[in-house]
Amino acid sequence: MANIRELALTNERLAPGHRLCPGCGLSIIARAVMRGTKDPIVVATATGCLEVSTTIYPYTAWNVPWIHNAFENAAATISGAEAAYKVLKKKGKINKEIKFLAFGGDGGTYDIGLQSLSGALERGHNFVYVCLDNEGYMNTGIQRSSSTPYGAWTNTSQVGKIHKGKEQFKKDLTAVVAAHHIPYVAQASSHNYMDLVRKAEKAFAVKGPAFINVLSPCVPGWKYPMQLTQKLAKMAVDTCFWPLFEVENDKWILNYDPGDNKKPIIEWLKMQKRFRHLMKPENTHIVEQLQKNVDFRWENLKKLCGKG
Amino acid sequence: MTGAECTAEAMKQINPDVVAAYPITPQTNIMHSFSQFVADGIVDTDLVTVESEHSAMSACVGASASGARAMTATSANGLALMWEIVYIAASTRLPIVMNVVNRALSAPINIHCDHSDSMGCRDTGWIQIYSENGEEAYENTIMGVRIGEHKDVLLPVMVCQDGFITSHSVETVELLNDEIVKSFVGEHTGHYPLLDVDKPVTYGPLDLFDYYFEHKRQQVLAMENAKRVIREIFDEFGQITGKHYDFFEGYKLEDAEKVIVCANSSAGTIRVVVDELREKGEKVGLLKMRVFRPWLNDMIVEKLGKIKAVAVLDRSDSFGAFGGPLFSEIRSSFHEVKEKPNIIDYIYGLGGRELDIIQIKKVFNELEQVKNGNVGDRVRYLGVRE
Amino acid sequence: MTEQLKEGNGGHTHQKEHKQKLKNWKEIPIGGKILEAGNSKEYKTGDWRTFRPIHIPEKCTNCMICWMICPDSCVNVGGVDDPNKGKKGVSDKPNLGNFGGFDLDYCKGCGICAEECPFKAIEMKEEKEFKD
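The rules we used
- Residues numbered from 1 in each chain as written.
- Chains lettered and ligands numbered in written order.
- Predicted model: local features only at pLDDT ≥ 70, side-chain atom pairs only at ≥ 80, totals over all residues.
- Heavy atoms only, no water.
- Helix = DSSP H or I, 4+ residues; strand = E, 2+ residues; numbered from the N terminus.
- Rg over C-alpha atoms; globule rule 2.2 N^0.38 Å.
- Contact = heavy atoms within 4.5 Å.
- Areas by Shrake-Rupley, 256 points an atom, 1.4 Å probe, with all protein chains shown as cover.
- Lys, Arg positive; Asp, Glu negative; His and termini not counted.
- Charge placed at Lys NZ, Arg CZ, Asp CG, Glu CD.
- Pairing = 2+ DSSP bridges.
- Axes fitted to C-alpha atoms, helices over the stretch in contact; angles between N-to-C directions.
- 1 Å grid on protein atoms, 1.4 Å probe; cavity = no way out; pocket = protein on both sides within 12 Å on 5 of 7 lines; lining within 4 Å.
- Points joined across faces, edges and corners; volume = space filled by probe spheres on them.
- Nonpolar A, V, L, I, M, F, W, Y, C, P; charged D, E, K, R; others polar.
- Buried < 20%, exposed > 50% of the residue type's maximum accessible area, 1.4 Å probe, protein only.
- Right-handed = clockwise from strand over helix to strand, strands pointing away.
- Buried area = accessible area lost by both parts, 1.4 Å probe.
- Salt bridge = Lys/Arg side-chain N within 4 Å of Asp/Glu carboxyl O.
- Core = buried A, V, L, I, M, F, W, Y, C linked by side-chain atoms within 4.5 Å.
- Domains from an automatic or database assignment.
- Expected span 1.5 Å × (residues − 1).
- Polar contact = N/O pair within 3.5 Å; in protein donor to acceptor, adjacent residues only side chain to side chain.

K.L.:
Requested: an account of the overall build of chain A, with residues and values cited.
P.N.:
Looking only at helices and strands, one finds 12 helices and eight strands in chain A. Here chain A has a C-alpha radius of gyration of 19 Å; the compact-globule value for 308 residues is 19 Å, and the two agree. In terms of overall dimensions, chain A has C-alpha extents of about 70 × 45 × 40 Å along its principal axes. Sequence separation of 24 or more characterises 70% of the internal contacts of chain A that already satisfy a separation of 6 or more. Summing over all exposed atoms, chain A offers an accessible surface of approximately 10700 Å²; the carbon and sulfur share of this is 53%. Positive and negative side-chain charges of chain A, numbering 40 and 27 respectively, have mean locations separated by a distance of 4 Å.

This is the structure we're talking about:
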């Protein structure tokens, strides 16, 4: 794999001038992922922050062929593009090697686009799907999704006298995708960009569907100072809330184990104002519940990776 | 051959690059036959057996934007599920051809024919062509490819046939040979396709108050152009087959005083009644609608302007409106015209309720009153138990 | 003529200085397609910035982490030679990226680069300190 200084001389596939918030994790991830292949790529993007902010007509930030269809169908849309490519290549109308990539947020992937994704994975299209998980419907103004963490405030999981934020745990989408037994599944984080590029390279290289779930800190949704995006991502990994791992041909591989340096979840929570209410003494039980859940999932993952 | 088999045959001869489809009765028989062509390697098509109609249309959008010739087929609830992307296909100017095997929309669930599905799509920006029988479904599908892909049009095309009545009944059909169809439809080249990676194009941007309206205005022009292009394609096809089609096709209209207007398979039944009544000396006729979108205002006026009494048969209702969709269009076409027929509407055949000869005779009978200026109820229900 | 430009996703418009006539429906490609890849560069986001990144060359090692993690692709890249250039298997073209300055036309001033620079070679300073 190329080092950063070598990567820096490759073409920029996402131009500046897009209108994502300052400090947004989405474009950091999108830029890194698109450096995972030197081949031309066709990109589909689900409705969401990345889509609206990069293509405000008559401007586009994309230096690659790009399509937005709707919210729930990035995977189905890229399926059609990939099917077209297969046939047109067979007919000799195209001779280039082209790769296919879909981006969706957690709303477009965990929730409304899950069926479309599952179908495309099952059919075995040769494409890479990258979920940009910022843990909520941020583009529509911060509502809860099935990816929003337990206890988090959003505009549809408000904190009040009776309810104290979201009352359900985050869906384990990466495991759901792994259950499709596709060639490559991974979880990654923007702070570990070289790990992300390496995973993107693997994902583009396999024949068949590949999926990478990347945690993408959101400045207005998580409520933290904009320069801390990478710190937020790193802490999610250090607390084992967002472990880095790969599932390669059904073999689970843990990429990072903080061991004794595993941080308590409160360290991550206290960096974000969406969890501010959990800092009150009367809500410590919520933090404890979340910690239990994080620990349970982490131990379970280690077992799957043969480290239990 | 059944109507479904005719459609599959047309698709076989067209040999599209990508077909994405999901099962729904009564469309399924099209894909059963087409899947066999794929299995036998008779077509080059990549058949994407998606997990829903929503994904069927989504995949067609992806394929068509990539530069492929893309097709699908559906019915009723399947069409309703793909609704969102039906609009997107048209607005993105992708010439996808979709066969709609007309079936009643739920609820209650019903698998039989009415036109509530495709009529509900009348404002989506798709061209809509209706087919009386399997042979017409076959022909309309082949012509549909050329119409949609025309550079002045670039719109998706919906080819409709009646569920079960047409799709499942066996008739003798005249087919063209493969080479004729192949050369008629020609090679497809996309319009700024995604797969032209050296010229990266952005599809589907966020389009707010500065330009959205301009893009809609372009769609209006495309539909306007389609009026000319459809006629050109009908003529070109006619030269090959000797069959001359039009937006509206009259039967014994010349001296007719009482005329029924309808779409799809009912035309066959009505024609039988027209012949029978003509023998008795009654001046009756039929006007069959082939193209609903774009709507040819002037032609409907020309065809019906001198008729005294017209009954429109609508196989779907528009609840809360004044009559069904076909009636509304026709009535509106005559708004500025001084000399015009008395027009009444019959909602009929919902959920597959049979339209029989007795009912059609009843309509002509009631038109006698209308002809004499005694219009009565403008909107009536035919075949429902009162 | 003035062009109305959007600020943020909601479509709030305001008048901008750079001028471009809005085109009519016959002048734009059909179907909402945008044919000029990467033309967002015509839209300068630099005026969103309240803090400006300042590069400290003495501390910079050209590690290019700032380039890698910039959400706005606005760390310029200069090409330099690999020290091993000329040796077997190494291209004689520039093959390593070098820090080439910040593109202040687009930098929104998020400060991630300064926060993450392992050598503290970037500092954020308030925009009002600069008069240009």
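The structure having been displayed, the exposition proceeds.
K.L.:
Go over the sheet that holds strand E1 (residues 41–45) of chain A, please, and point to the residues and values.
P.N.:
The nine strands lie next to each other as E8(A)-E7(A)-E5(A)-E6(A)-E4(A)-E3(A)-E1(A)-E2(A)-E7(B), forming an open sheet whose pairing is mixed. The outermost strands of the open sheet, each flanked by one partner alone, are strand E8 (251–254) of chain A together with strand E7 (202–203) of chain B. Looking at chain direction, strand E7 (residues 245–248) of chain A and E8 of chain A are connected through four bridges and run antiparallel. Within E8 of chain A, the residue paired with glutamate 246 of chain A across the bridge is isoleucine 253 of chain A. Across the sheet, helix H8 (residues 193–205) of chain A lies against E1, strand E3 (99–105), strand E4 (128–133), strand E5 (184–189), strand E6 (210–215) and E7 of chain A, angled at about 160 degrees from E5 of chain A, the strand it touches most.

K.L.:
So what's going on with the layout of surface pockets? Residues and values would help.
P.N.:
In this structure, the largest pocket spans a volume of roughly 500 Å³. Every residue lining the largest pocket is counted, 24 residues in all, and those nearest its centre are Ile88, Ser91, Gly204, Pro205 and Tyr212 of chain B. Of all the secondary-structure elements, those providing two or more residues to the lining of the largest pocket are helix H3 (49–54) of chain A together with helix H5 (83–91) and helix H9 (212–241) of chain B. In the lining of the largest pocket, the residues fall into 10 nonpolar, 10 polar and four charged.

K.L.:
Explain the pairing of E5 of chain A residue by residue, including any values.
P.N.:
Residues and elements named next belong to chain A. Buried residues dominate E5, accounting for six of its six residues. Bridge count for E5 against E6 is six bridges, and the pairing is parallel. Its bridge partner lying in E6, tyrosine 184 is registered against alanine 210. Each parallel crossover has a hand, and the one from E5 via H8 to E6 is right-handed. For E5 and E7, the ladder comprises four bridges, and the chain directions are antiparallel. Each bridged residue has a counterpart across the sheet, and for tyrosine 184 the counterpart in E7 is glutamate 248.

K.L.:
Kindly report on the interface of chain A and chain B, identifying the contributing residues and their values.
P.N.:
With 42 residues of chain A in contact, the opposing surface of chain B contributes 41 residues. Buried surface at the junction of chain A and chain B, both sides included, amounts to about 3200 Å², of which 63% is carbon and sulfur. Inspection of the chain A/chain B interface yields five salt bridges. Put simply, lysine 91 of chain A and aspartate 17 of chain B hold a salt bridge, and the shortest N to O gap is 2.5 Å. Going through the elements one at a time, H3, strand E2 (66–67), helix H4 (74–90) and helix H6 (114–123) of chain A are the ones with two or more residues in the side of chain A that touches chain B. The element best represented in the side of chain A that touches chain B is H4 of chain A, accounting for 11 residues.

K.L.:
Explain the nonpolar core to me, and be specific about the residues and the numbers.
P.N.:
In this structure, Leu101, Phe103 and Trp268 of chain A together with Ile127, Leu304 and Ile330 of chain B are the most contacted members of the largest nonpolar core, which totals 225 residues. For this core, the two domains that each supply at least three residues are domain 1 (3–241) and domain 2 (248–382) of chain B. Counting residues in hydrophobic clusters, the runner-up holds 23 residues, among them Leu277, Leu313, Val363 and Leu382 of chain B.

K.L.:
With reference to specific residues and values, describe helix H7 (residues 134–149) of chain B.
P.N.:
With 16 residues, H7 of chain B extends 23 Å from end C-alpha to end C-alpha; this agrees with the ideal 22 Å at 1.5 Å per step. Capping the start of H7 of chain B is the job of one residue whose side-chain oxygen sits 3.2 Å from the backbone nitrogen of glutamate 135 of chain B: asparagine 133 of chain B.

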